[in-house]
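Coordinates in review
Take a look at the letters that make up each chain.
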Amino acid sequence: MSLAVLSVASEAVPLVKTGGLADVAGALPGAVAPHGVAMTTLLPGYPSVLKGIGKARALHQWDALLGEPARLLAASLSGHPLLVLDAPALFGREGGPYGDPRGKDWADNWRRFAALGRAAADLVGGAVKGREFDVLHAHDWQAALAIGYQRFAPVPGGKSVPTVITIHNMAFQGVFPAEVFPQLGLPRAAWSIDGVESYGGVGFLKTGLQSASMITTVSPTYAAEIRSPEFGMGLDGLIVSRGDRVMGILNGIDTTEWNPAADPALAQAFTARSLARRKANKRALESEFGLASDDGPLFVVISRLTWQKGMDVLPEVLDHLVGNGARLALLGSGDAAIEAAFHAGAARHPGRIGLRFGYDEALSHLMQGGGDAILIPSRFEPCGLTQLYGLAYGCVPVVARTGGLADTVIDANVAALDAGAATGIQFSGVDYAGLAGAIGRTVALYRQGKAWRRIQQSGMAADFSWATSGKVYADLYARLVAEVR
Ligand code: ADP
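Residues numbered from 1 in each chain as written. Predicted model: local features only at pLDDT ≥ 70, side-chain atom pairs only at ≥ 80, totals over all residues. Heavy atoms only, no water.

Before going further, it helps to spend a moment on the pairing of strand E1 (residues 3-8). Looking down a regular strand, the side chains alternate between one sheet face and the other. The buried fraction of E1 is high, at 6 of 6 residues. Burial along E1 is two-sided: the face carrying Leu-3, Val-5 and Ser-7 and the face carrying Ala-4, Leu-6 and Val-8 are both buried. When E1 meets strand E6 (residues 135-139), the two strands line up parallel, connected through 4 bridges. Within E6, the residue paired with Val-5 across the bridge is Val-135. (Buried < 20%, exposed > 50% of the residue type's maximum accessible area, 1.4 Å probe, protein only. Helix = DSSP H or I, 4+ residues; strand = E, 2+ residues; numbered from the N terminus. Pairing = 2+ DSSP bridges.)

See the structure below:
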């Protein structure tokens, strides 16, 4: 039997990406396909998406979707069905998916993503002939209202399907002033603690969490962490109240995109058996970042420059890192104050600290293939992908012990080293002492040569492909469908 699932997301590779959500939404259709799931993805029609899909057929149109004309275009996403919500008044703007070119959130984000949710609810309700679905899978707050619309304002006489919501990051909840409620096209009954109301405002993510058949998040440890106030960020009580309807499913990585044996972004391809070839990538990286060339440890960072990622603390540790004979190449974008702090550090250590601000997919691959260790000092990390890419590329992850980082990296403690199981370094405390200690441990291990290579090889042997998690999602959809039959 084949199940038809509509996956609704605000970004997906290769069409639009600001973070890990795009990697996951882009890979999921291929991950579940071998397990009898035909997944269609629904994306907003940002300029990059419309350009990426080229000429597309219109399947459906709305005269007024949240007040604006819109069309549904049929296209494909890496060989899987894609539907694009083309609503120029909502999505036809230059800038990012969520904000203007300077990074300020669009004031009408509530309307933009309510429209995405309404379109999804219409689709699963059967509004478009020939496109029928068994399950609705919404990702993050931007897609969450789909679940609220199906529950409170379904297509009249339409079908109602089981729903899954995946939390990729609890820090982004899509909360808007109560004044937008009357414009959402929801009945008064939806304005309640059991519906969209969240601490006096309209909570998009909260609505989805309240009403979904199943809540998933992207690692088992994060699924446990969001039950506490520190990680639940106001929704911990709701998560606890949903009991066993909350589960963690680890993200996989796309092993065709991220394969060091055949990666066009590398200066030299390599495998676990030819690690010496990484050196050509290290040299290429040094020259990209204007770093002095030597065989000492080269740390890399590929990250949003935010408090979540611990990027406010890292600049404080640069003197220590350089003092240990290490160098750093950083690729990131985000907070201007954090950028300034890195600039100051780099000015103190010419040739030892290299910086690149902006977004560069190809360079991120070269960094994983040429760096010795990737530093990920996140305060919280629902899953994290850069440590998984690091593992696959022999770029040893040095991670804070939280969320998906704790679930995917095996710390090089004595027992794990003896057993040959270690794949990286974990540390506690995202502060000067925590980071400085982790950097010291990493440099010491790196200098041991043989033990270091063993850590690299164990990481490269670990399987973080979608094979396991693809089946877990497919089984989940099947279980939810069986529950309502
Ligand atoms: P998050 O989604 O919280 O930003 P993840 O680790 O889950 O963190 O995913 C981040 C993704 O974005 C990874 O694929 C990473 O390689 C990529 N990435 C982050 N910053 C940059 C950048 N400046 N340039 C290129 N890729 C980046």
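Bringing the pattern of salt bridges into the picture now. Tallied over the full model, the rule gives 22 salt bridges. Residue Arg-93 is joined to Asp-108 by a salt bridge in which the shortest nitrogen-to-oxygen separation is 2.6 Å. Of this pair, Arg-93 sits in the loop between helix H3 (88-91) and helix H4 (109-125) while Asp-108 sits in the loop between H3 and H4; the two residues are 15 residues apart in sequence, bridging distant segments of the chain. Asp-108 shares its class with Arg-93; the two are buried. In this structure, Asp-319 and Arg-348 form a salt bridge, with 3.0 Å as the shortest nitrogen-oxygen distance. Here Arg-348 lies in helix H12 (residues 336-348) and Asp-319 lies in helix H11 (residues 318-323), a separation of 29 residues in the sequence. Among the residues examined, Arg-348 registers a relative accessible area of 45% and is labelled partly exposed. (Salt bridge = Lys/Arg side-chain N within 4 Å of Asp/Glu carboxyl O.)

Pairing is mixed in the open sheet, where 9 strands are placed in the order E3-E4-E5-E2-E1-E6-E7-E11-E12. Strands with a single pairing partner mark the edges of an open sheet, and in this sheet they are strand E3 (57-65) and strand E12 (246-248). Strand-to-strand twist in this sheet, taken as the mean axis angle between neighbours without regard to direction, amounts to 25°. Relative to strand E2 (residues 37-44), E1 runs parallel, the two being bridged by 6 bridges. (Axes fitted to C-alpha atoms, helices over the stretch in contact; angles between N-to-C directions.)

Here we take up the sheet that holds strand E16 (residues 373-376). A sheet is described by the order of its strands in space; here 6 strands give the open sequence E15-E14-E13-E16-E17-E18, paired in parallel fashion. The sheet is open, and its two edges are formed by strand E15 (353-357) and strand E18 (425-427), each paired on a single side. Direction aside, the axes of adjacent strands within the sheet are offset by 20° on average. Bridge count for strand E14 (residues 327-334) against E15 is 5 bridges, and the pairing is parallel. Directly across from Leu-331, in E15, lies its bridge partner Arg-356. Helix H13 (residues 361-370) rests against strand E13 (298-305), E14, E15 and E16 of the sheet, and its axis sits at about 145° to E13. (Contact = heavy atoms within 4.5 Å.)

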